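# Structural features, examined
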Amino acid sequence: RDIFIGVVFCIITRHEKAPEIAEVDVWNMVTFGFVTIVVNLFLMKFKIKALYESKMVVYLSETDVLTGLKNRNQFEKMLQNYQHAFENNLICIYADVNGLHELNNAKGHEEGDKMLVFVARSLMDKFGSLEAFRVGGDEFIIFQCDMDKDTTHSHIEELNEKFKENNYHVSFGVVEATEKGSFEMESMVKDAEKEMYDAKRRYYEESGLTHDRRRNREEVNKS
């Protein structure tokens, strides 16, 4: 539209004014129009950059960059929402990757990151990404509203088979609540974490491995 107006202005100026005056007016109009376009483009670029940066700030504050899952900040922000978000039941799944520390020491952090990304994507594929969080270096929490507990355990068995095929192992803890307002979210997460550590302990006992970080963590939880 602006270009059309500019063309009309040039035609009218050519017909209504003396040639020397018309030429000056046309050049002024072209120059002013060009400057206006440049300024508008600069402002638009600035606005787009500012919008992108603001979106990135929000994204980084809510998202674990490595895995793409929601991070611990978002977990703590959303935790209480689950108290009344279900109709029939709420399931809390606490997952912890075994052997991350050892893998980092043996093959480097790149291999450790590769394992975490694989586990995170597998969890997302099975349970979805909306209610999945990475809450620690090797720890994940997933909430499932109105999913049958047997179905949850079936999904976990399928995941464990998938992890074993890639020489990974993940310990799971699963806790279910069925009555709204009858439990505290923090307690539910803590119970799921305890189940996970029981599974983790069995894994290390059966494999004959030791895990000092696990032992230290359990001592902290008991104190």
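The model shown is predicted, which means the values in this text are computed figures rather than measured ones.

## Observations concerning the overall build of the protein
The helix and strand inventory of the protein stands at eight helices and four strands. Starting at the N terminus, the α and β elements of the protein follow one another as α-α-α-β-α-α-β-β-α-β-α-α. The 223 residues of the protein split such that 37% are buried. Looking at the protein alone, contacts between residues at least 24 apart form 69% of all its contacts between residues at least 6 apart. Here the protein has roughly 14,200 Å² of accessible surface; of this, 56% comes from carbon and sulfur atoms.

## Re the confidence of the model for the protein
With 73% of its residues at a pLDDT of 70 or more, the protein has an overall mean of 82. Confidence drops under a pLDDT of 50 for residues 213-223, and excluding neighbours within four residues, the segment shows 15 contacts in the predicted structure.

## Examining the sheet that holds strand β3 (residues 139-145)
On the basis of which strands lie adjacent, the open sheet formed by four strands has the order β2-β3-β1-β4 and antiparallel pairing. Looking at which strands have only one partner, the edges of the open sheet turn out to be β2 (132-134) and β4 (169-177). Going from strand to strand, the sheet's axes swing by 15° on average, the running direction of each strand aside. Against the sheet, helix α5 (residues 109-127) engages β1 (90-98), β2, β3 and β4, with an angle of about 5° to β3. Across the sheet, helix α7 (residues 185-207) lies against β1, β3 and β4, angled at about 145° from β4, the strand it touches most.

## Some remarks on the packing of aromatic side chains
According to the stated counting rule, one finds eight aromatic pairs in the structure shown. The interplanar angle of 65° and the centroid separation of 6.3 Å between the aromatic rings of Phe118 and Phe163 together place this pair among those described as edge-to-face. Here Phe163 lies in helix α6 (residues 149-165) and Phe118 lies in helix α5, a separation of 45 residues in the sequence. Under the relative-accessibility criterion, Phe118 is labelled partly exposed at 23%. Measuring from ring centre to ring centre gives 5.0 Å for Tyr203 and Tyr204, while their planes differ by 80°; the resulting arrangement is edge-to-face. Exposure remark for Tyr203: the relative accessible area of 21% places this residue in the partly exposed category. For Tyr204, a relative accessible area of 2% gives the class buried. Feature note: the residues Phe75, Tyr82, Phe133 and Phe143 constitute an aromatic cluster, connected by ring pairs. The positively charged end of Lys180 is found above the aromatic ring belonging to Phe86, 5.9 Å away from the centroid.

## Here we look at the environment of Phe133
When you line up the elements, Phe133 lands in strand β2. Residue classification places Phe133 among the buried residues on the basis of a relative accessible area of 0%. Each C-alpha atom, one on Phe133 and one on Lys70, is 4.7 Å from the other, the two residues being 63 residues apart in sequence. For Phe133, the residues in contact, after removing those within four places along its chain, are Leu69, Lys70, Asn71, Gln74, Phe75, Met78, Tyr82, Glu139, Phe140, Ile141 and Phe143.

## A few points about the packing of α5 against α6
α6 packs onto α5 with a crossing angle of 150° between their chain directions and a minimal axis gap of 11 Å. The handedness of the crossing between α5 and α6 is right-handed. Contacts from Phe118, Val119, Ser122, Leu123, Asp125, Lys126 and Phe127 in α5 reach Thr152, His155, Ile156, Glu158, Leu159, Lys162 and Phe163 in α6. Residue composition of the contact of α5 with α6, by class: seven nonpolar, three polar and four charged.

## So, a nonpolar patch on the surface
Nonpolar side chains collect at one region of the surface, where Val35, Val39, Phe42 and Leu43 lie side by side and expose about 370 Å² of accessible area between them. Its place among the elements puts Leu43 in helix α2 (residues 19-62). A relative accessible area of 41% means that Leu43 is categorised as partly exposed.

Definitions and cut-offs
Residues numbered from 1 in each chain as written. Predicted model: local features only at pLDDT ≥ 70, side-chain atom pairs only at ≥ 80, totals over all residues. Heavy atoms only, no water. Helix = DSSP H or I, 4+ residues; strand = E, 2+ residues; numbered from the N terminus. Buried < 20%, exposed > 50% of the residue type's maximum accessible area, 1.4 Å probe, protein only. Contact = heavy atoms within 4.5 Å. Areas by Shrake-Rupley, 256 points an atom, 1.4 Å probe, with all protein chains shown as cover. pLDDT = per-residue confidence, 0-100. Pairing = 2+ DSSP bridges. Axes fitted to C-alpha atoms, helices over the stretch in contact; angles between N-to-C directions. Phe/Tyr/Trp six-rings, centres within 6.5 Å; stacked < 30°, edge-to-face > 60°. Lys NZ or Arg CZ within 6 Å of the ring centre and 35° of its normal. Left-handed = near helix turned anticlockwise from the far one by under 90°. Nonpolar A, V, L, I, M, F, W, Y, C, P; charged D, E, K, R; others polar. Patch = residues over 30% accessible without salt bridge, like charges linked within 9 Å, V, L, I, M, F, W, Y side chains within 5 Å. Salt bridge = Lys/Arg side-chain N within 4 Å of Asp/Glu carboxyl O.

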